[in-house]
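Chain residues, written in single-letter form:
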Amino acid sequence: MLTRIDHIGIACRDLDATVEFYRRTYGFTDVHTEVNEEQGVREAMLKINDAGDGGATYLQLLEPIRDDSPIAKFLAKNGEGVHHIAFGTDGDVQEEADGIAAKGVRVLYDRPRRGSMGSRITFLHPKDCGGVLTELVQAAAKPAEH
């Protein structure tokens, strides 16, 4: 079941300057940064709040690391701004995608890929989602506490 807005993805040209803007303006803290070679981005996840399902809601800031990445292409066409919305699931992201596909929505990946912070992700075609690129996210399992 989809349980939360996991994050809103924002394309930017300068990750460090954009992180600083969100820190200074809204007080969001930089909880995670990484380079995702497969997606061709350097990213930062800024935590907004905790969600009731054990997950959280973030802003995901995305800077391209190569010209052929989807984010670089988005920036060239649209400039900086909202790139996608992501919904989190408390279950298996493949099962969520299969259920949504059965309703006539195209899923962009045959199987989930690695996303931020070790999550499993897939995307839904924006033409089937009212013009909105939509991501489904299964958060990485948290280590057991002792």
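The coordinates are above.
The structure displayed is predicted, hence computed values, not measured ones. (Residues numbered from 1 in each chain as written. Predicted model: local features only at pLDDT ≥ 70, side-chain atom pairs only at ≥ 80, totals over all residues. Heavy atoms only, no water.)

> Looking at this model, I keep getting lost on the packing of aromatic side chains. Mind explaining?
The description of an aromatic ring pair uses the distance of the two centres, along with the angle that the planes make with each other. This structure, assessed with the given rule, holds five aromatic pairs. Seen in terms of ring centroids, Tyr-26 and Phe-28 are 5.7 Å apart; in terms of plane orientation they differ by 25°. Their pairing is stacked. Among the aromatic side chains, those forming a connected cluster through ring pairs are Phe-21, Tyr-22, Tyr-26 and Phe-28. Over the ring of Tyr-109 we find Arg-113, and its NZ or CZ is 3.7 Å from the ring centre. (Phe/Tyr/Trp six-rings, centres within 6.5 Å; stacked < 30°, edge-to-face > 60°. Lys NZ or Arg CZ within 6 Å of the ring centre and 35° of its normal.)

> Where do I start with unusual backbone geometry in this structure?
Glycine aside, residues mostly have negative phi, and peptide bonds are mostly found in the trans state. Even without being glycine, Met-117 reaches a positive phi, approximately 55°. Mapping Met-117 onto the fold places it in the loop between β6 (113-114) and β7 (120-124). On the basis of relative accessible area, Met-117 is assigned to the partly exposed category, the value being 31%. (Helix = DSSP H or I, 4+ residues; strand = E, 2+ residues; numbered from the N terminus. Buried < 20%, exposed > 50% of the residue type's maximum accessible area, 1.4 Å probe, protein only.)

> Which parts of the structure should I look at to understand the side chain of Arg-4?
Within the secondary structure, Arg-4 is located in strand β1 (residues 2-11). Of the polar contacts made by the side chain of Arg-4, one reaches the backbone oxygen of Ala-56; its length is 3.4 Å. Those residues in contact with Arg-4, other than ones at most four positions away along the chain, are Ala-51, Asp-53, Gly-55, Ala-56, Ala-86, Phe-87, Gly-88, Thr-89 and Ala-139. (Polar contact = N/O pair within 3.5 Å; in protein donor to acceptor, adjacent residues only side chain to side chain. Contact = heavy atoms within 4.5 Å.)

> Explain helix α2 (residues 70-78) to me, please; I cannot follow it from the model alone.
Taken as a whole, α2 has its buried residues at Ile-71, Ala-72, Phe-74 and Leu-75. Along the axis of α2, the buried residues cluster in a sector spanning 160°; they form a single face. Summarising the geometry of α2, the exposed residues directed more than 90 degrees from the buried face are Lys-73, Ala-76 and Lys-77. The inward-facing, buried residues of α2 abut β1, β3 (41-50), β4 (56-64) and β5 (81-89). In the segment just after α2, Gly-79 is the residue with positive phi, at about 80°. (Arc of directions from axis to C-beta.)

> Help me out: how do you make sense of the nonpolar core in this one?
As a rule of thumb, soluble globular proteins bury nonpolar side chains together. Core analysis: the largest hydrophobic core is formed by 10 residues, namely Ile-10, Cys-12, Leu-15, Val-19, Tyr-22, Phe-28, Ala-44, Leu-46, Leu-59 and Leu-61. Listing elements by their share of this core, those giving two or more residues are α1 (15-26), β3 and β4. Among the elements that line this core, the one with the most residues is α1, at three residues. Contacts of Leu-46, omitting those with residues within four sequence positions, involve Val-19, Tyr-22, Phe-28, Thr-29, Asp-30, Thr-57, Tyr-58, Leu-59 and Leu-61. (Core = buried A, V, L, I, M, F, W, Y, C linked by side-chain atoms within 4.5 Å.)

> Mind showing me how you'd approach the layout of surface pockets here?
To find leftover empty space, one rolls a probe the size of a water molecule over the atoms. Roughly 810 Å³ of volume is contained in the largest pocket. In this structure, the largest pocket is lined by 42 residues; those nearest its centre are His-7, Gln-60, His-84, Glu-135 and Val-137. At the level of secondary structure, the elements contributing two or more residues to the lining of the largest pocket comprise β1, β3, β4, α2, β5, β7 and β8 (134-138). Here the residues of the lining of the largest pocket are counted per class, giving 19 nonpolar, 13 polar and 10 charged. (1 Å grid on protein atoms, 1.4 Å probe; cavity = no way out; pocket = protein on both sides within 12 Å on 5 of 7 lines; lining within 4 Å. Points joined across faces, edges and corners; volume = space filled by probe spheres on them. Nonpolar A, V, L, I, M, F, W, Y, C, P; charged D, E, K, R; others polar.)

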